[in-house]
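Examination of the molecular architecture
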Amino acid sequence: MRVLIVEDERKVARFLERGLKEERFAVDVSHDGEDGLFRALSTPYDVIILDVLLPKKTGFEVIRELRTMRCKTRVLMLTARDSLDDRVQGLDLGADDYLVKPFAFAELLARVRALLRRSEQDDAITLRVVDLVLDLRTRKVTRGGKPIALTAREFGVLAHFMRHPDQVVTRTELAEHVWDEQFDSVSNVIDVTVYHLREKLERGFDRRLIRTVRGAGYELRSRDDETAG
Ligand code: CA
């Protein structure tokens, strides 16, 4: 597994590099956004760890250009503050996950491994989250074994949620991935579609699955640690 670290703080970069090498990852390090983007586009990495505040190009610019160039490598962003804006902006631009500095190495490792698992899941035909099963080939969905009939859009939204469990999925992300449209032109339809999807998935079940994250988007919860609402 090959990882690229784009981080200008040398101490942090060295600490991550050493830790990941001990876990048997092949690691490359880049200290600015321009070099990071160049490497990311020229080498097939499994995961990129991308700092937000970087010289030459910010992490946000790097992720935007990567996605514009159709680079699908999983990206974990490192944000300096626990700012919802930063996190949402990163996800909107196409980052797969984020970690707020300072963090423990064990947590970074867990996130990197989760991203690698998700890459494998992308190739899978069946997605599973809690008691939900979605078959990408037959386009059938069941919850607790009970078949659930969905429209094409509802199916697309659910598949996107199931690929990103326990993560805030923004409306912009849904617009681009499910409708293939700019957010402005479909903003009304998104909420209505999610509303119907929730009705179909949650009616008759005690446990709710889709949570609204106010001002940010939605989250499909795989953990039962709090009541979804
Ligand atoms: Ca930095």
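For the structure given in this document, a descriptive report is provided here. (Residues numbered from 1 in each chain as written. Predicted model: local features only at pLDDT ≥ 70, side-chain atom pairs only at ≥ 80, totals over all residues. Heavy atoms only, no water.)

All told, the structure shown has one cavity of 30 Å³ or more when counted by the stated rule. Considering only enclosed or pocket space, the largest cavity measures out at about 40 Å³ in volume. What lines the largest cavity is Leu91, Ala95, Asp96, His164, Gln167, Val168, Val169 and Glu173. Of the residues that constitute the lining of the largest cavity, the class distribution is four nonpolar, two polar and two charged. (1 Å grid on protein atoms, 1.4 Å probe; cavity = no way out; pocket = protein on both sides within 12 Å on 5 of 7 lines; lining within 4 Å. Points joined across faces, edges and corners; volume = space filled by probe spheres on them. Nonpolar A, V, L, I, M, F, W, Y, C, P; charged D, E, K, R; others polar.)

The next thing to look at is the coordination of the calcium ion. Listed as protein donors to the calcium ion are Asp8 (OD), Asp51 (OD) and Leu53 (O); their distances from the metal cover 2.1 to 2.3 Å. Site description for the calcium ion: donor spacing in sequence, D-x42-D-x1-L. With Asp8 in the loop between β1 (2-6) and α1 (10-22) and Leu53 in the loop between β3 (47-51) and α3 (59-68), the pair connects residues that are 45 residues apart, well separated along the chain. In this structure Asp8 comes out as partly exposed when scored by relative accessible area, which is 27%. Leu53 sits in the exposed class, given a relative accessible area of 56%. (Donors = N, O, S within 2.8 Å, 3.2 Å for Na, K, Ca; no water. Helix = DSSP H or I, 4+ residues; strand = E, 2+ residues; numbered from the N terminus. Buried < 20%, exposed > 50% of the residue type's maximum accessible area, 1.4 Å probe, protein only.)

Scope: geometric values only; no functional claims are made or implied.
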